[in-house]
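Remarks on the overall topology
Next come the chains, spelled out residue by residue.
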Amino acid sequence: QVQLVESGGGLVQPGGSLRLSCAASGFTFRNYPMRWWRQASGKEREFVATIASQGGYTSYLDSVQGRFTISRDNVQNTVDLQMNSLLPEDTAVYYCNAYLPGPSGPKDYWGQGTHVTVSS
């Protein structure tokens, strides 16, 4: 079965850095784009970053452009999100996401999330 497991979240001061990681299994990871999303308390889930299957294309939410970097390792089946210059408004649960084909049509898969708190 498809599994996505995030790790690396925690408490960090404004201006600090964190690196999140998502370990994927149950599908041919190297064939699919991967994405990070986040959801702050009381708000809708929002797209953060995406990376192409071979890592040649990336795209970011405007407010994280230049501060966050998405990367992937198709041998280890992991996708990471390096977060620098963190702001209090980056506080959220961060989710790893894959949109995959299946016998009943395409389907979104999500990890359990990892909590990031940016506070002094």
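Scroll up for the structure.
Residues numbered from 1 in each chain as written. Predicted model: local features only at pLDDT ≥ 70, side-chain atom pairs only at ≥ 80, totals over all residues. Heavy atoms only, no water.

A word on the side chain of R72
- Topologically, R72 is positioned in strand β7 (residues 68–73).
- Of the side chains bearing the opposite charge, D73 lies closest to the buried R72, which forms no salt bridge; the N-O distance is 8.3 Å.
- From its side chain, R72 meets the backbone oxygen of A52 in a polar contact 3.0 Å long.
- The residues contacting R72, other than those within four sequence positions of it, are F29, R30, Y32, P33, M34, I51, A52, S53, G55, T78 and V79. (Helix = DSSP H or I, 4+ residues; strand = E, 2+ residues; numbered from the N terminus. Buried < 20%, exposed > 50% of the residue type's maximum accessible area, 1.4 Å probe, protein only. Lys, Arg positive; Asp, Glu negative; His and termini not counted. Salt bridge = Lys/Arg side-chain N within 4 Å of Asp/Glu carboxyl O. Polar contact = N/O pair within 3.5 Å; in protein donor to acceptor, adjacent residues only side chain to side chain. Contact = heavy atoms within 4.5 Å.)

Quick look at the pairing of strand β8 (residues 78–83)
- Of all six residues in β8, six are buried; the element is thus mostly enclosed.
- Both faces of β8 are covered, namely the face carrying T78, D80 and Q82 and the face carrying V79, L81 and M83.
- The sheet contact formed by strand β3 (residues 18–25) and β8 spans six bridges and is antiparallel. In the strand pairing of β8, L18 is matched with M83.
- Counting the residues that bridge the hairpin from β7 to β8 gives four residues, and of these N77 lies at a positive phi of roughly 60°. (Pairing = 2+ DSSP bridges.)

Quick notes on the state of the cysteines
- All chains considered together, the criterion is met by one disulfide.
- Across a sulfur-sulfur distance of 2.2 Å, C22 and C96 are joined as a disulfide pair. Judged by the sign of its S-S torsion, about -75°, the cystine formed by C22 and C96 is left-handed. One end of the pair, C22, is in strand β3; the other, C96, is in strand β9 (residues 92–100), and 74 residues separate them in sequence.
- The buried category is assigned to C96, whose relative accessible area is 0%. (Disulfide = S-S within 2.5 Å.)

Regarding the sheet that holds strand β1 (residues 3–7)
- Pairing is antiparallel across the open sheet formed by four strands, whose spatial order is β1-β3-β8-β7. Only two strands of the sheet have a single partner each, and these edge strands are β1 and β7. Mean inter-strand twist for the sheet, computed between neighbouring axes without regard to direction, equals 15°.
- Pairing between β7 and β8: six bridges, direction antiparallel. Within β8, the residue paired with T69 across the bridge is Q82. (Axes fitted to C-alpha atoms, helices over the stretch in contact; angles between N-to-C directions.)

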